[in-house]
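Chain by chain, the residues run as shown.
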Amino acid sequence: MQVFVTGASGWIGSAAVDELLADGHTVTALARSDASASALAAKGVSVQRGDLDDLDGIRRGAAAADAVLHLANKHDFANPAVSNAAERAAVETIGEALSGTGRPFLLAAGVAGLTDGRPATEDDPSPAHGPDSPRGGAENLALGLVDRDVHAVALRFAPTVHGAGDHGFVAAVVEAARRRGVSGYPGDGTNRWAAVHRSDAARLVALALAKAPAGVRLHATAEEGVPTREIAEAVGQALDLPVTSIDPDDAAEHFGWIGRWFGMEGSATSTRTREWLGWEPTGPTLVEDIAAGAYTAPVE
């Protein structure tokens, strides 16, 4: 298939593109910068210059493709309204381009915050509806396109898609530990984060394109939930720092922007995803990655 990809040079996207190419697909990717364009072209990807605000370009790319993989997001945590609006507009635009075609539309979403007191499952709908909700309610918007003959699939990624080179949530937790001189966890540290290695997440994307039924929610979660205390202990051991509880009321000040997220429950199962796709994660666990220096080894 000819696949149009947004976010193709990102942490998950770059690995997913490698999987798509290995499976024999051709890829056209949206690239915002010269560096991203060069890296993608070196892989044999056709580059379309633009970003999430270039809705005409997104429309052209989607209309010309056999499938669309939407992984881009502005991730502006200081101004989430901007990120939410851009995400919703992009999904609306892709939906318009694919409506009535039956073509696959896979979009990135997340498992954090879906449920309270238990791991989320693929049957749990996102509570985010409407343009003012998190991510602009994009998951529900996209899945609603099934009624317009779009083969929409939600790819819900774990809060941490980990591995060497990750600059996401765990990297922010590590940076807070370096800055504060202690490796902290919120409260009693029993809230959990689902986790998946980047290589396993990328393989799930390729399998989803090939096998996922329309309208489903897939969970890219290899580990159902890693307690935040265990994450902090692994970071503390890797950095040779003491480990301590942080009062939840002080989390934002102690951890910075990641404090809000580190205290959330983000556990999720992936039982049905594995059944649908035949997906079996093989990468290291989050704690194994931290212990191996994925987040703490000096950058050469």
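Provided above is the structure to which this section pertains.
Everything quoted here is computed from the prediction, not taken from an experiment.

*Asks:* Please clarify how helix 1 (residues 11-22) should be interpreted in this entry.
*Replies:* Taking 1.5 Å of rise per residue, the 12 residues of helix 1 would be expected to cover 16 Å, and the 18 Å separating its terminal C-alpha atoms lies within 8% of that figure. Within helix 1, burial applies to Ile12, Gly13, Ser14, Ala15, Ala16, Val17 and Leu20. A positive phi of about 95° marks Gly24, the residue just after helix 1.

*Asks:* What exactly am I supposed to notice about the pairing of strand 3 (residues 46-49) here?
*Replies:* If a strand is regular, its side chains alternate between the two faces of the sheet. Looking at chain direction, strand 2 (residues 26-31) and strand 3 are connected through four bridges and run parallel. Paired with Leu30 across the two strands is Gln48, which belongs to strand 3. Crossover handedness for the path strand 2 to helix 2 (residues 34-42) to strand 3: right-handed.

*Asks:* In this structure, what is going on with helix 4 (residues 80-98)? I would like to understand it.
*Replies:* Because the α-helix completes a turn every 3.6 residues, residues three or four places apart line up on one side. Between its terminal C-alpha atoms helix 4 stretches 27 Å, which fits the 27 Å expected from 19 residues at 1.5 Å a residue. After helix 4 finishes, the residue Gly100 shows a positive phi value of roughly 80°.

*Asks:* I would appreciate a short explanation of the environment of Arg272 in the present structure.
*Replies:* For Arg272, the location among the structural elements is in helix 11 (residues 271-277). Along the sequence, Arg272 and Gly168 sit 104 residues apart, while their C-alpha atoms lie 27 Å from each other. Among residues more than four places away in sequence, those in contact with Arg272 are Glu122 and Asp123. In terms of polar contacts, Arg272 uses its side chain to reach the side chain of Asp123, at 2.6 Å.

*Asks:* Help me out: how do you make sense of the nonpolar core in this one?
*Replies:* A general tendency of soluble globular proteins is for nonpolar side chains to be buried together. Judged by nonpolar contacts, the single largest core of 42 residues is most densely connected at Leu69, Leu155 and Phe157. Looking at this core element by element, the count peaks at seven residues for helix 7 (residues 198-211). Non-local contacts of Leu69, meaning those with residues more than four positions away in its chain, are made with Val3, Phe4, Val5, Thr6, Ala16, Leu20, Leu106, Leu155 and Val205. Counting 24 residues, the second largest nonpolar core, distinct from the first, contains Phe169, Val170, Ala172 and Ile246.

*Asks:* Got a minute to help me understand the side chain of His162 in this structure?
*Replies:* By the element assignment, His162 lies in strand 7 (residues 160-162). Relative accessible area serves as the criterion here: at 1%, His162 is assigned to the buried category. Separated by 3.5 Å, the side chain of His162 and the backbone nitrogen of His197 make a polar contact.

*Asks:* How should the sheet that holds strand 11 (residues 223-227) be read in this particular structure?
*Replies:* Picture the strands of a sheet paired through backbone hydrogen bonds; they go either parallel or antiparallel. Ordered by their spatial adjacency, three strands build an open sheet running 7-9-11, and the pairing between neighbours is mixed. Two strands close off the open sheet at either side, each with one partner strand: strand 7 and strand 11. This sheet shows a mean twist of 45° between the axes of neighbouring strands, independent of strand direction. Alignment of strand 9 (residues 192-197) against strand 11, held across three bridges, turns out to be antiparallel. Bridge pairing in strand 11 places Ala195 opposite Glu223. Its contacts with the sheet put helix 8 (residues 228-239) on strand 9 and strand 11, and the angle it makes with strand 11 is roughly 65°.

*Asks:* It is not clear to me how the side chain of Ser14 should be interpreted in this structure. Could you clarify?
*Replies:* Of note, Ser14 is situated in helix 1. Note on Ser14: relative accessible area 13%, which makes it buried. When sequence neighbours within four positions are dropped, the list of residues in contact with Ser14 reads Gly7, Ala8, Ser9, Lys43 and Arg198.

*Asks:* Any chance you could explain the packing of helix 1 against helix 7 here in plain terms?
*Replies:* Packed helix pairs are specified by the crossing angle of their axes together with the interaxial distance, meaning the distance between the axes. Contact geometry of helix 1 with helix 7 gives a least axis separation of 8 Å together with a crossing angle of 55°. Here helix 7 runs oblique to helix 1, going by the angle between their axes. Helix 7 is crossed by helix 1, and the crossing has right-handed handedness. Every residue of helix 7 that contacts helix 1 at Trp11, Ser14, Ala15, Ala16, Glu19 and Leu20 is listed here: Arg198, Ala202, Arg203, Val205, Ala206 and Leu209.

*Asks:* I keep staring at the pairing of strand 1 (residues 2-6) and nothing clicks. Help me out?
*Replies:* The buried count for strand 1 comes to four of five residues, which makes it a mostly enclosed element. Where strand 1 meets strand 2, four bridges bridge the pair, whose relative direction is parallel. Across the sheet, the residue bridging to Gln2 is Thr26, located in strand 2. For the crossover from strand 1 across helix 1 to strand 2, the handedness is right-handed. As defined by bridge partners, strand 1 adjoins strand 4 (residues 67-70) across four bridges and the pair is classed as parallel. Each bridged residue has a counterpart across the sheet, and for Val3 the counterpart in strand 4 is Ala67.

Conventions we followed
Residues numbered from 1 in each chain as written. Predicted model: local features only at pLDDT ≥ 70, side-chain atom pairs only at ≥ 80, totals over all residues. Heavy atoms only, no water. Helix = DSSP H or I, 4+ residues; strand = E, 2+ residues; numbered from the N terminus. Expected span 1.5 Å × (residues − 1). Buried < 20%, exposed > 50% of the residue type's maximum accessible area, 1.4 Å probe, protein only. Pairing = 2+ DSSP bridges. Right-handed = clockwise from strand over helix to strand, strands pointing away. Contact = heavy atoms within 4.5 Å. Polar contact = N/O pair within 3.5 Å; in protein donor to acceptor, adjacent residues only side chain to side chain. Core = buried A, V, L, I, M, F, W, Y, C linked by side-chain atoms within 4.5 Å. Axes fitted to C-alpha atoms, helices over the stretch in contact; angles between N-to-C directions. Parallel < 35°, antiparallel > 145°, perpendicular 65-115°, else oblique. Left-handed = near helix turned anticlockwise from the far one by under 90°.

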